[in-house]
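Overview (structure and organization)
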Protein chains: 2
Amino acid sequence: MSGENQQKRQIKLGAFLMETGHHIAAWRHPDAHASGGLDFAHYAELAQIAERAKFDAVFFADSVSVRDTNLPALSRTARADHFEPLTLLSALSVVTKHVGLIATVSTTFNEPYNLARKFASLDHLSGGRSGWNLVTSSTESEALNFSFERHPEHAIRYERAREFYDVVAGLWDSWEDDAFIRDKASGVYFDPDKLHVLGHAGKHFKVRGPLNVARSPQGWPVVVQAGASEAGRELAAQTAEVIFVAHQTLDEAQSFYRDVKGRLAKYGRAPDHLKIMPGIFPIIGRTQEEADAKFAALQDLIHPTVGLSLLSNMSGGVDLSQYPVDDPLPELPETNGGKSRQRLLFDLARRENLTIRDLYLRIAGARGHQQVVGTPQSIADQLQQWFEEEGADGFNIMSPWLPGGLTEFAELVVPELQRRGLFRTEYEGRTLRENLGLPRPANRYTDVAKQLPATFSFARSLA
Amino acid sequence: MSGENQQKRQIKLGAFLMETGHHIAAWRHPDAHASGGLDFAHYAELAQIAERAKFDAVFFADSVSVRDTNLPALSRTARADHFEPLTLLSALSVVTKHVGLIATVSTTFNEPYNLARKFASLDHLSGGRSGWNLVTSSTESEALNFSFERHPEHAIRYERAREFYDVVAGLWDSWEDDAFIRDKASGVYFDPDKLHVLGHAGKHFKVRGPLNVARSPQGWPVVVQAGASEAGRELAAQTAEVIFVAHQTLDEAQSFYRDVKGRLAKYGRAPDHLKIMPGIFPIIGRTQEEADAKFAALQDLIHPTVGLSLLSNMSGGVDLSQYPVDDPLPELPETNGGKSRQRLLFDLARRENLTIRDLYLRIAGARGHQQVVGTPQSIADQLQQWFEEEGADGFNIMSPWLPGGLTEFAELVVPELQRRGLFRTEYEGRTLRENLGLPRPANRYTDVAKQLPATFSFARSLA
Ligand SMILES: Cc1cc2nc3c(=O)[nH]c(=O)nc-3n(C[C@H](O)[C@H](O)[C@H](O)COP(=O)(O)O)c2cc1C
Ligand SMILES: Cc1cc2nc3c(=O)[nH]c(=O)nc-3n(C[C@H](O)[C@H](O)[C@H](O)COP(=O)(O)O)c2cc1C
């Protein structure tokens, strides 16, 4: 990497790896690895593609249930069988060297001691590459697997999440960085003065500590969030170092970016220490026609049962299964759920005279994320615009199908970004934090001034 | 492996991998890898040594706390910083092909949905090599990390464990073995008739299911237990497929073996479907003198602070730190805790005129497990006797220091057992279950009679 680029702000890239791909029919794509969801070799290949292309991280979403309310539709998608993300990432740490490893784990269905320990453990295993996507979970089907009668309220979930985070971060500081001496001659294994007992007693948790894992290479694994509500934004402003988010337009993205970055100052945080990374659903062709044709071919693979179920989910429960799918949308009474979304969809169909199939195809694709169908150049143009006009610090690449969609991004779009000086050609550091340009947190029990020059190696390159 | 051996009952071997070794001073051994507790390369080497020697499994104990009541002693042992076992085993699955991967996870501090998922995930990652050591946990320090005021009662812990197991096993049957079709042409990903909702509602848990992981290669990961109480034995008789246990004498071992195997019939289980594997702490020399000298050298590494703390732990709180360590044990009043253990120790010291140091050295070594200090031949003799005289189906090898202690067992004792036809020279099967000679459980929702010939491949070799 040139000295010039080292100074220049560059795009951060995450690879969102969802079984066989982000598109709802991805698994049916001729090149998709249909049984990839539980095939380690599949994920090893994906992580290695991402690493060769110098992605900052691979990212795994998660939910702790099968959403089986519409079984006929579910049985036609590849969403019900996949690895638990932390076991998978631990295994991936062995077949990669540089790429960050980010897993989603819910604060609603876990204990902070277990979570702090697993991410610290993964950080040691990977030499400082672990990241935690903190979510509060939003589906009832998950709560029913954890002895809840119903899903806990949004506000309670976020209150618990806030305290959960405090406990986890506190446990990560149980040991000072240089606590372990391991001197065979004297027989001193660690310095007892560098062990700290948390002694947390709050509303949701009582956790004594200390953690039974040494402070990890990153100090704290990188904390990621993906909540967009008011409570979610505020928690992110206080605690997150990366935000994953879904936007459809640059306007939306800019207003979110401004809002969240604006909240940092009151917590004494620099805007640069929180990276905002919207999702991108890219379909790449050498020409626009080729890209359009690729997208159309994927859309063709959506079975009507799956399309209707998507439509029903996104419109708050409208059931269209009794109508011919290639007839125009019939007149329908409004249902109870999600009225504004319903109105939007009905109006759209009426205005453009859409059939039921047309309508579900409209909402299939990226499902809330930015959909870019184009050439490497036109896609790079869009990323560059979002990045330079303060809509994003980087992007979460949601490949339509896997592995092919990721390979195309790595081989066609990444080089274009590199040519423009917008993306690294070599990893800057050894840890995920260093590559993202995030500070390594000093241990709360250590004299920060004394500690800084030794551990904040990132400080030199960012100064 | 010869056709003859295939019929013959053989010893099962587990490698108990504890950071730098089982001996309390192991980390100070000149050949020990002192910082091994958080070094993946260390564990990769150990797992590969075990696999080359055809061990059935590697095994990781666990506790979810640092036991810091005696900080000066703790700071001189390598017991406070280590990987979380499941993250570690997932990574080890990548660098091994045959050896089983058994991790301890407590039923007291976890949720069954998370646990069922992680072990199923590891089973998929490893091609059918995962095992769960179900423990209820016994230390107060752990409870205090999980919002408990004190450690839950023994009976309640076992009641919860029993129900926890039912939920986990039920979730492992969520999908029939052939539920996933993944037919790109028709668009059918799974057969909805082969998905089953558990709907568990009990005293401790309400868990709807289904699990979001396909049924794993072993059907169910192998269930291991290590509880020795009445409640522990009964739970094991109902549910365990392997028992780890600590015995000092063949008599003890035989009586435990008889007792537990005798409990199986009332649950309709064959004695052969539960393998009992006591711990062995082997110190191996080419001659008896060499072995004795090796043991003495290890014992010399025990710092008096550590020795006194061991003595205090094992005698219910006697504090001898104010007396000269090389003086004879002084006359002492009995303390409140563990009176019978105290009496035993005091009587022993009086009888043999032991110093305080002599006394703690007596109890250091194997700490409750069978200690064998000898030549490969004499050690093989002892293992053979326990195995043939119904004291054990196999052994859990607790190497005094690592990696050297395990290497010696693999290179010196294993070949001796193989020469005697007591241990395999090749893995019999692909999964941990197949190697242990355990049946693959049929899915409860499947027609068992129809299912048996296809999946019970073990049945052929054991018949
Ligand atoms: C890119 C992206 C990824 C997400 N991944 C997950 C996930 O894996 N699991 C989950 O439960 N929620 C996930 N979410 C949802 C949010 O994290 C959050 O739980 C949800 O939006 C509700 O919070 P909110 O009300 O603050 O928006 C994701 C959201 C986005 C934008
Ligand atoms: C070889 C062996 C290994 C054990 N490993 C663990 C362990 O890793 N974690 C744990 O909490 N208990 C462990 N135990 C303890 C028992 O599993 C059990 O929790 C304890 O003995 C209390 O149960 P009981 O009252 O039925 O004996 C182990 C015991 C033995 C013999």
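Residues numbered from 1 in each chain as written. Chains lettered and ligands numbered in written order. Predicted model: local features only at pLDDT ≥ 70, side-chain atom pairs only at ≥ 80, totals over all residues. Heavy atoms only, no water.

Chain A is annotated in an unreviewed UniProt entry as LLM class flavin-dependent oxidoreductase from Paraburkholderia agricolaris. Quoted verbatim from the Sequence similarities (unreviewed entry) field of the UniProt record, the comment on chain A reads "Belongs to the NtaA/SnaA/DszA monooxygenase family." (UniProt positions renumbered as here; feature names shortened; annotations may be inferred.)

Before going further, it helps to examine the packing of helix H2 (residues 40–52) of chain A against helix H4 (residues 85–94) of chain A. Residues and elements named next belong to chain A. At a minimum axis separation of 10 Å, H2 and H4 run at an interaxial angle of 60°. Relative to H4, the element H2 lies oblique. With respect to the hand of their crossing, H2 and H4 are arranged in right-handed fashion. Residues Phe40, Tyr43, Ala44 and Ala47 of H2 form the contact with H4, whose own contacting residues are Leu88, Ala91 and Leu92. Of the residues assigned to the contact of H2 with H4, the class counts are 7 nonpolar, no polar and no charged. (Axes fitted to C-alpha atoms, helices over the stretch in contact; angles between N-to-C directions. Helix = DSSP H or I, 4+ residues; strand = E, 2+ residues; numbered from the N terminus. Parallel < 35°, antiparallel > 145°, perpendicular 65-115°, else oblique. Left-handed = near helix turned anticlockwise from the far one by under 90°. Contact = heavy atoms within 4.5 Å. Nonpolar A, V, L, I, M, F, W, Y, C, P; charged D, E, K, R; others polar.)

Right, let's get into the interface of chain B and chain A. At the interface, 76 residues of chain B touch 76 residues of chain A. Where chain B abuts chain A, roughly 6,600 Å² becomes buried across the two surfaces, and 56% of that area is made up of carbon and sulfur atoms. Remark: the boundary between chain B and chain A carries 10 salt bridges. Linking A:Lys206 and B:Glu149 is a salt bridge whose minimum nitrogen-to-oxygen distance equals 3.3 Å. On inspection of chain B and its partner chain A, the count reaches 48 residue pairs in polar contact (both at pLDDT 80 or more). Breaking the side of chain B that touches chain A down by element, the ones donating at least two residues are helix H3 (71–74), helix H4 (85–94), helix H5 (112–125), strand S5 (180–183), strand S6 (188–190) and strand S8 (206–207) of chain B. By residue class, the composition of the side of chain B that touches chain A is 39 nonpolar, 21 polar and 16 charged. (Buried area = accessible area lost by both parts, 1.4 Å probe. Salt bridge = Lys/Arg side-chain N within 4 Å of Asp/Glu carboxyl O. Polar contact = N/O pair within 3.5 Å; in protein donor to acceptor, adjacent residues only side chain to side chain.)

On to the packing of aromatic side chains. Evaluation of the coordinates by the stated rule reveals 39 aromatic pairs over all chains. Here the aromatic rings of A:Phe146 and B:Tyr113 are separated by 5.6 Å at their centres, their planes lie at 55°, and the arrangement is tilted. Of this pair, A:Phe146 sits in the loop between helix H6 (140–143) and helix H7 (154–172) while B:Tyr113 sits in helix H5, each in a different chain. No difference in accessibility class separates A:Phe146 from B:Tyr113, as the two residues are buried. Ring centres 6.5 Å apart and planes at 40° place the aromatic pair B:Trp172 and B:Trp220 in the tilted group. Within this pair, whereas B:Trp172 is found in helix H7 (residues 154–172), its partner B:Trp220 is found in the loop between S8 and strand S9 (222–225), the two being separated by 48 residues in sequence. Across the pair, exposure class does not vary: B:Trp172 and B:Trp220 are buried alike. (Phe/Tyr/Trp six-rings, centres within 6.5 Å; stacked < 30°, edge-to-face > 60°. Buried < 20%, exposed > 50% of the residue type's maximum accessible area, 1.4 Å probe, protein only.)

Rotating chain B by 180° and moving it 0.0 Å along the rotation axis overlays it on chain A with an RMSD of 0.1 Å. The relationship between the two copies is best expressed as a two-fold rotation axis. Identified as the residue of chain B closest to the rotation axis by C-alpha distance is B:Ala91, at 2.0 Å. With an isologous cut-off of 70% or more, the 100% of interface residues of chain B that recur at the interface of chain A puts this contact in the isologous class. (Least-squares fit on C-alpha atoms with pLDDT ≥ 70 in both.)

This paragraph deals with the confidence of the model for chain A. Residue and element names in this part refer to chain A. Chain-level pLDDT for chain A is 92 on average; 94% of the residues reach the 70-or-more range. Every residue in residues 1–5 scores below 50 in pLDDT, and together they form 7 contacts with partners more than four places removed in sequence or on other chains. Note on residues 449–463: pLDDT under 50 across the span, and 16 contacts to partners over four residues away in sequence or across chains. For this predicted complex, the interface score ipTM comes out at 0.94, alongside a pTM of 0.94. (pLDDT = per-residue confidence, 0-100.)

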